[in-house]
There are 2 protein chains.
Amino acid sequence: MSMDRLMENIMQKQNPTVAGLDPKLDYIPGYVKAQCFEKYGKNLQGAAESLLAFNKALIDSLWDIVPAVKPQAAYYEMYGWPGMKAFAETIDYAKSKGLFVITDGKRNDIGATMQAYAAAHLGATDVEGESFQAFGADALTVNGYLGTDCIDPLLAVCGAKDKGIFVLVKTSNPSAGEFQDQMMHAMYEPLYRAMGNMCQQWGLKLPGKYGYSGVGAVVGATYPKQLKELRAALPNTFFLVPGFGAQGGAADDVALGFDKHGLGAIVNSSRAIMCAWQKENCDPQDFAGAARREALRMRDQLMAKIGGISLPV
Amino acid sequence: MSMDRLMENIMQKQNPTVAGLDPKLDYIPGYVKAQCFEKYGKNLQGAAESLLAFNKALIDSLWDIVPAVKPQAAYYEMYGWPGMKAFAETIDYAKSKGLFVITDGKRNDIGATMQAYAAAHLGATDVEGESFQAFGADALTVNGYLGTDCIDPLLAVCGAKDKGIFVLVKTSNPSAGEFQDQMMHAMYEPLYRAMGNMCQQWGLKLPGKYGYSGVGAVVGATYPKQLKELRAALPNTFFLVPGFGAQGGAADDVALGFDKHGLGAIVNSSRAIMCAWQKENCDPQDFAGAARREALRMRDQLMAKIGGISLPV
């Protein structure tokens, strides 16, 4: 089961970090961009090829120390179809290095359309009886506002293709509470908790061998109280934790998302890793090395709080 | 303002219908696919070119009788980057015919990432000081579960670029009520109503000259009671109404979404128009003609309920 594969990666590397691949042109050293613009033009294609070159170098520098990467679809869509080509090639390259790939797309729609998203991002696309992979990640982030029939088509694909989903439960942004913290009248619990409970329930269809199902939840590091509450309330739901670092979540906060085995969560870092060369003010040619040094710092910081990571027998 | 442009289109054509462009290969006559597969191969590219050829013929057949089209991103994403190229070219072609284009993407993310989605689908992408358009629709459907800071970046782009958004309020699918109908404890109103109220509030930043703001709402035809309630409660929020026809919404139901001027809503039809040639069992070469006949039937059906459409002075 896909979440099992993620946990095996985490255990092997003793690192519960996912490196976000949300590249902006500003993050990419000038010499990388100059090469791509010269070859492909100073346009969407040149920009997309810059993202890809940057990502590949980061992946080369990170694959043996991080278990997973999380490309954020928006930062590729903004470069049009060349951006989506770079997105697909980034995913393929990360997978070729054994990384678990979580596409951060927060997709959501009614049943029939969700099938199309499931095919696009997790499954395969049929063209007259032949099967092609569009973007082929290992897991996809999903918004559950539409309810069960928006999730069911994903569960079917996840079951058949060994894939997983992460449902937005408590997001990391400042306005997250406007809806998510509203108390539900009938249940005397907030909406985020109702969403979390549904993750447990949806996950019954995708059980895993380490106690966590194929239906994960996105729970922000910026709300540590809720992270702790949800860790206790949702014992079979693996967490994707954004908001560490730049958004304000500290290592003490994210530690609340882990279980006694050091499992149960993976913490995202995007900008801190991608822009480490700018923060370090090192030789731009060493941007990938700086990313690796930051990833190691983050791993050590988290592991100091969590202790070891082991798979339950 | 973008919603004003939509209403002017609706008024001019006396038709509150948006034609959904959610093409599946099954919907496309064999001779169209055969031509594309021969030229581009029986692969994602050949499939994507089939979608584009199908869409262009539909647009040629519909542009003078419908005010708007709504391409659904999922059905293009599933064909990978060639699908996204067909998506961009479909949008460009529809705009070249004067159609208002609503991209149905249900995008959502935290602030910085929402900026990237806003650039991708409504605004422009900067590459070293030059501006490029990635997908460039007139409006985008959006999921508001993350709250105001997920919407604000869109409002900024909408204001600057004359674009609009439609926020999911009450969706058309069977499970819609699982979260959306939950009563909120503090407000004694369901979540969908809280989301609707926020649409009114977000819309204050994008006022229009006909009484409707640049922040619309998606309200399904399959829940007529709520559609009526929301029409009364949200006087400045324009509705995108899915669920008519195949999903079960009737003309009497959708009529509840309109105001006394015959404005306030646009009703989506996807499959019924795209697959009209299959239902009619006509010559496949006449697929675009069948789409036009269905669009005219739908227009007449709706207009019989609504009466005329006029712009308030």
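Just above, that's the structure.
Quick summary incoming for the structure in this document. Values in this document were obtained by computation on a predicted structure and should not be read as measured data. (Residues numbered from 1 in each chain as written. Chains lettered and ligands numbered in written order. Predicted model: local features only at pLDDT ≥ 70, side-chain atom pairs only at ≥ 80, totals over all residues. Heavy atoms only, no water.)

## Overview of unusual backbone geometry
Residues and elements named next belong to chain A.
Link 1 in the chain: Positive phi, normally seen in glycine, also occurs at E128, with a value near 50 degrees.
Link 2 in the chain: By secondary structure assignment, the location of E128 is in the loop between β4 (125–127) and β5 (130–132).
Link 3 in the chain: In this structure, D162 takes a positive phi of about 60 degrees despite not being glycine.
Link 4 in the chain: Along the chain, the position of D162 falls in the loop between α7 (148–161) and β7 (164–170). (Helix = DSSP H or I, 4+ residues; strand = E, 2+ residues; numbered from the N terminus.)

## Structural notes on the packing of aromatic side chains
Link 1 in the chain: Throughout the structure, instances matching the rule amount to ten aromatic pairs over all chains.
Link 2 in the chain: For the pair A:W81 and B:W81, a centre-to-centre distance of 5.2 Å together with 25 degrees between the ring planes defines the contact as stacked. Of this pair, A:W81 sits in helix α5 (residues 80–96) while B:W81 sits in helix α5 (residues 80–96), each in a different chain.
Link 3 in the chain: Classification of B:W81 by relative accessible area gives partly exposed; the value is 27%.
Link 4 in the chain: With 5.5 Å between their ring centres and 90 degrees between their planes, B:Y212 and B:F238 make a pair best called edge-to-face. (Phe/Tyr/Trp six-rings, centres within 6.5 Å; stacked < 30°, edge-to-face > 60°. Buried < 20%, exposed > 50% of the residue type's maximum accessible area, 1.4 Å probe, protein only.)

## Describing the sheet that holds strand β6 (residues 139–142) of chain B
Residue and element names in this part refer to chain B.
Link 1 in the chain: Pairing within the closed barrel is parallel, and its eight strands lie in the order β1-β2-β3-β6-β7-β10-β11-β12. Going from strand to strand, the sheet's axes swing by 30 degrees on average, the running direction of each strand aside.
Link 2 in the chain: Across four bridges, strand β1 (residues 17–21) lies against strand β2 (residues 68–71) in parallel orientation. Bridge pairing in β2 links G20 to K70.
Link 3 in the chain: Running at roughly 160 degrees to strand β7 (residues 164–170), helix α9 (residues 191–203) makes contact with β7 and β10 (215–219) of the sheet.
Link 4 in the chain: Here helix α14 (residues 287–306) sits on the sheet in contact with β1 and β12 (265–269), set at roughly 145 degrees to β12. (Pairing = 2+ DSSP bridges. Axes fitted to C-alpha atoms, helices over the stretch in contact; angles between N-to-C directions. Contact = heavy atoms within 4.5 Å.)

## Focus on the relation of the copies chain B and chain A
Link 1 in the chain: When chain B is fitted to chain A, the residual RMSD is 0.0 Å, and the transformation amounts to a turn of 180 degrees plus an axial shift of 0.0 Å. In the structure described here, the two chain copies are related by an operation that fits a two-fold rotation axis. (Least-squares fit on C-alpha atoms with pLDDT ≥ 70 in both.)

## Quick word on the interface of chain B and chain A
Link 1 in the chain: Opposite the 72 residues of chain B that make contact, chain A presents 72 residues.
Link 2 in the chain: Approximately 6000 Å² of surface area, both sides summed, lies buried where chain B meets chain A, with 63% of it carried by carbon and sulfur atoms.
Link 3 in the chain: Summed over the three residues of chain B that lose the most area to chain A, namely B:W81, B:Y145 and B:F179, the buried surface amounts to 15% of that side.
Link 4 in the chain: The interface formed by chain B and chain A contains six salt bridges.
Link 5 in the chain: B:K33 is the salt-bridge partner of A:E128, the closest N and O atoms lying 3.7 Å from each other.
Link 6 in the chain: Run the count over chain B and chain A and you get 33 residue pairs in polar contact (both at pLDDT 80 or more).
Link 7 in the chain: Top element by residues in the side of chain B that touches chain A is helix α6 (residues 111–121) of chain B. It accounts for seven residues.
Link 8 in the chain: Residues of the side of chain B that touches chain A, tallied by class, amount to 38 nonpolar, 21 polar and 13 charged. (Buried area = accessible area lost by both parts, 1.4 Å probe. Salt bridge = Lys/Arg side-chain N within 4 Å of Asp/Glu carboxyl O. Polar contact = N/O pair within 3.5 Å; in protein donor to acceptor, adjacent residues only side chain to side chain. Nonpolar A, V, L, I, M, F, W, Y, C, P; charged D, E, K, R; others polar.)

## Remarks on the side chain of A:D253
All names here are of chain A.
Link 1 in the chain: Structurally, the position occupied by D253 is in helix α11 (residues 251–254).
Link 2 in the chain: Comment: no salt bridge for buried D253; closest opposite-charge side chain is K305, at 9.5 Å.
Link 3 in the chain: Ignoring any residue separated from it by four or fewer positions in sequence, one finds D253 in contact with A221, P224, L227 and G248. (Lys, Arg positive; Asp, Glu negative; His and termini not counted.)

## Some remarks on the packing of helix α3 (residues 44–62) of chain B against α5(B)
Residue and element names in this part refer to chain B.
Link 1 in the chain: One can describe the packing of α3 onto α5 by two numbers: an axis separation of 8 Å at closest approach and a directional angle of 15 degrees. Classed by the angle they form, the pair α3 and α5 counts as roughly parallel. By crossing handedness, the relation of α3 to α5 is classed as right-handed. Contacts between α3 and α5 involve L44, Q45, A48, L52, N55, K56, I59 and D60 from the former and P82, G83, A86, E89, T90, Y93 and A94 from the latter.
Link 2 in the chain: Grouping the amino acids of the contact of α3 with α5 by side-chain chemistry returns eight nonpolar, four polar and three charged. (Parallel < 35°, antiparallel > 145°, perpendicular 65-115°, else oblique. Left-handed = near helix turned anticlockwise from the far one by under 90°.)

## Examining the sheet that holds strand β1 (residues 17–21) of chain A
Residue and element names in this part refer to chain A.
Link 1 in the chain: With parallel pairing, eight strands are arranged side by side around a closed barrel as β1-β2-β3-β6-β7-β10-β11-β12. For this sheet the average axis-to-axis angle between neighbouring strands, irrespective of direction, equals 30 degrees.
Link 2 in the chain: Where β1 and strand β12 (residues 265–269) come together, three bridges link them in parallel fashion. Looking across to β12, one finds that V18 is bridged to N268.

## Focus: the environment of B:V167
Link 1 in the chain: If you trace the backbone, B:V167 turns up in strand β7.
Link 2 in the chain: Separated by 23 residues in the primary sequence, B:V167 and B:G144 place their C-alpha atoms 6.3 Å from one another.

## Looking at helix α3 (residues 44–62) of chain A
Link 1 in the chain: Given a rise of 1.5 Å per residue, 19 residues ought to cover 27 Å, and the 27 Å separating the end C-alpha atoms of α3(A) matches this to within 8%.
Link 2 in the chain: Most of α3(A) is tucked away, with 14 of its 19 residues classed as buried. (Expected span 1.5 Å × (residues − 1).)

## Examining the side chain of B:T90
Link 1 in the chain: As for its placement among the helices and strands, B:T90 is situated in helix α5.
Link 2 in the chain: Beyond its immediate sequence surroundings of up to four residues, B:T90 is in contact with B:L21, B:L52, B:N55, B:I59 and B:Y76.

## Remarks on the pattern of salt bridges
When charged atoms on two side chains of opposite charge get close, those side chains can pair.
Link 1 in the chain: Counted according to the given criterion, the structure contains 42 salt bridges over all chains.
Link 2 in the chain: Linking B:D109 and A:K106 is a salt bridge whose minimum nitrogen-to-oxygen distance equals 2.9 Å. Of this pair, B:D109 sits in the loop between β3 (100–107) and α6 while A:K106 sits in strand β3 (residues 100–107), each in a different chain.
Link 3 in the chain: Exposure remark for B:D109: the relative accessible area of 2% places this residue in the buried category.
Link 4 in the chain: B:R292 is paired through a salt bridge with B:D64; the nearest N and O atoms lie 2.7 Å apart. Taken together, the residues B:R292 in helix α14 and B:D64 in the loop between α3 and β2 connect sequence positions 228 residues apart.
Link 5 in the chain: Residue B:R292 is classed as partly exposed on the basis of its relative accessible area of 26%.
Link 6 in the chain: Connected through shared salt-bridge partners, A:E280, A:D286, A:R293, A:E294 and A:R297 make up one network.

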